[in-house]
Amino acid sequence: MNASNQEVLVKRIGYEAEQVHSYELIARTGSELAPFTAGSHVDLYLSNGMIRSYSLVNDQCERHRYVIAVNKDAESRGGSSFVHDTVGVGDVMTISVPRNNFALCEEAGHSVLIAGGIGITPLLSMVRRLEALGRRWELFYAARTRAAAAFLDELGTYRSRVHLDFDDERAGRVFDLATIVGNAPAHTHLYCCGPVPMLAAFEAATAGRPADHVHVEYFKAREAPATEGGFDVRLARSNRTIAVEAGKTILDALLDAGIAANYACTEGVCGTCETRVLDGIPDHRDQFLSEEEQAANKSVMICCSGAKSRTLVLDL
């Protein structure tokens, strides 16, 4: 466990939608929690050994609590089901300090937020922040059904700035993401969080926009991890060489060799396992680094990426 992690108490569990529960977490000692900004997430260290990342949905001005929301996803790798089935009020949990890979541009004159399903969670924190700053914003929120959409009561208070779209109420229409993006003024900052197909459509629709005006948060991997193996990882600081065999990721090989490594999501979306590359060419499979950062080959997500070179030298 990282020294900066902390123990929290589950104070309250709320029903937010079908299969979506919220969890209010407070410091076990009663002290203030570490500050965070809209778009941040924390890692939960679950008692079954899993580490999972969840966005903070509450107002960043609140220091007495964190609030996360967990969707019990039938296609998940077990983390969300474990939280729903085993975590109760009064439980003590270990969490990381908040990190933000999906930061809000607070100076933007106009912001368009696009959410799909549980992707509403980081955007809800952004809505609260934009409101506090008095900025102009719109939210487009798509979900399978109205019953499956979380936080509708609160979102309803924002009236015309929130546009809801449900699969079973479209009468044959499609969620027209391209039109939403096309209607946004040129200076708009655009944010999207949701399922992989929505994010792919968003990236296509925003391809002509300035890169620093387009913000994406992936909850799931877009492609399979690199498990072809057949290369070595040389650890510069510990002067060890580890063979990465077929069927294993770099992270698997390091853990099997008893080497401590930071990781959380294991899908290349949270950034926890980012490791500096000293030599060699990574085979990038993550959704965390930008295209420019991947091309620079200065770091690699060891949980999902591999190597194109025979040896990869890491700052470990």
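Calculation criteria
- Residues numbered from 1 in each chain as written.
- Predicted model: local features only at pLDDT ≥ 70, side-chain atom pairs only at ≥ 80, totals over all residues.
- Heavy atoms only, no water.
- Buried < 20%, exposed > 50% of the residue type's maximum accessible area, 1.4 Å probe, protein only.
- Helix = DSSP H or I, 4+ residues; strand = E, 2+ residues; numbered from the N terminus.
- Pairing = 2+ DSSP bridges.
- Core = buried A, V, L, I, M, F, W, Y, C linked by side-chain atoms within 4.5 Å.
- Domains from an automatic or database assignment.
- Contact = heavy atoms within 4.5 Å.
- Phe/Tyr/Trp six-rings, centres within 6.5 Å; stacked < 30°, edge-to-face > 60°.

Novice: Is there a simple way to explain the pairing of strand 12 (residues 231–235) in this structure?
Specialist: Each regular strand carries side chains that alternate between the two faces of the sheet. Side chains of strand 12 alternate between two faces, with Phe-231, Val-233 and Leu-235 buried and Asp-232 and Arg-234 left unburied. The antiparallel pairing of strand 12 with strand 13 (residues 240–244) creates a hairpin that spans four residues between the two strands, and Asn-239 there sits at a positive phi of about 55 degrees. Two elements, strand 12 and strand 18 (residues 311–314), share four bridges in a ladder whose sense is parallel. Its bridge partner being in strand 18, Arg-234 is matched across the sheet by Val-313.

Novice: Just to check I follow, could you spell out the nonpolar core for this structure?
Specialist: Where a protein is soluble and globular, its nonpolar side chains tend to be buried together. Counting residues in hydrophobic clusters, the biggest one holds 29 residues, and the most contacted among them are Leu-113, Leu-123, Met-126, Leu-139, Tyr-141 and Leu-155. Elements with a contribution of two residues or more to this core: strand 5 (66–71), strand 7 (110–116), helix 2 (120–133), strand 8 (136–143), strand 9 (162–166) and strand 10 (189–194). Top element by residues in this core is helix 2. It accounts for six residues. Residue contributions to this core reach at least three from each of two domains, namely domain 1 (5–96) and domain 2 (111–217). Residues within four places of Leu-139 in sequence aside, it is in contact with Leu-113, Ala-115, Ile-120, Leu-123, Leu-155, Arg-161, Val-162 and His-163.

Novice: So what exactly am I meant to see when it comes to the packing of aromatic side chains here?
Specialist: The geometry of two aromatic rings is summed up by the distance between their centres and the angle between their planes. For the coordinates displayed, the defined rule picks out three aromatic pairs. Arranged with centres 5.9 Å apart and planes meeting at 80 degrees, the rings of Phe-36 and Tyr-66 form a pair that is edge-to-face. Taken together, the residues span a long stretch of sequence, with Phe-36 in the loop between strand 2 (20–27) and strand 3 (41–45) and Tyr-66 in strand 5 at a distance of 30 residues. What makes Tyr-66 buried here is its relative accessible area of 0%. On the basis of an interplanar angle of 80 degrees and a centroid distance of 5.2 Å, the ring pair of Trp-137 and Tyr-158 is categorised as edge-to-face. Of the two residues, Trp-137 sits in strand 8 while Tyr-158 sits in the loop between helix 3 (152–155) and strand 9, which places them 21 residues apart along the sequence. Comparing Trp-137 with Tyr-158, the two get one shared label, buried.

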